[in-house]
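# Topology and contacts: notes
Here is what each chain is made of, one letter per residue.
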Amino acid sequence: MKKALILLALFPLLVFAQRKKSIDGFLDIPFGSDSVTVKNEIVKRGGIKID
């Protein structure tokens, strides 16, 4: 019973410990970018361009 009360008291701290970052892109490429921009950024990062 004592352990349950301790866990219940610490639960709000766990919620605040998990900060959420807004996800607005992947690999520093913003979502919604046109295909040319995405292809150029991937090639800059060492990706292989396949035609």
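Structure: above.
In this text, all values refer to a predicted model and were calculated from it rather than measured experimentally.

### Describing a nonpolar patch on the surface
Together, Ile-23, Phe-26, Leu-27, Phe-31 and Ile-42 line one region of the surface with nonpolar side chains, adding up to about 560 Å² of accessible area. Within the secondary structure layout, Ile-23 lies in the loop between helix H1 (2-17) and strand S1 (25-26). Take Ile-23: its relative accessible area is 70%, and that puts it in the exposed class.

### So, unusual backbone geometry
A positive phi angle, near 55°, is found at Leu-27, a position not held by glycine. Locating Leu-27 in the fold gives a position in the loop between S1 and strand S2 (29-30). Residue Leu-27 is classed as partly exposed on the basis of its relative accessible area, which comes to 46%. Positive phi values are uncommon outside glycine, yet Asp-28 reaches one of about 60°. Among the secondary structure elements, Asp-28 is positioned in the loop between S1 and S2.

Reading guide: rules and limits
Residues numbered from 1 in each chain as written. Predicted model: local features only at pLDDT ≥ 70, side-chain atom pairs only at ≥ 80, totals over all residues. Heavy atoms only, no water. Patch = residues over 30% accessible without salt bridge, like charges linked within 9 Å, V, L, I, M, F, W, Y side chains within 5 Å. Areas by Shrake-Rupley, 256 points an atom, 1.4 Å probe, with all protein chains shown as cover. Salt bridge = Lys/Arg side-chain N within 4 Å of Asp/Glu carboxyl O. Helix = DSSP H or I, 4+ residues; strand = E, 2+ residues; numbered from the N terminus. Buried < 20%, exposed > 50% of the residue type's maximum accessible area, 1.4 Å probe, protein only.

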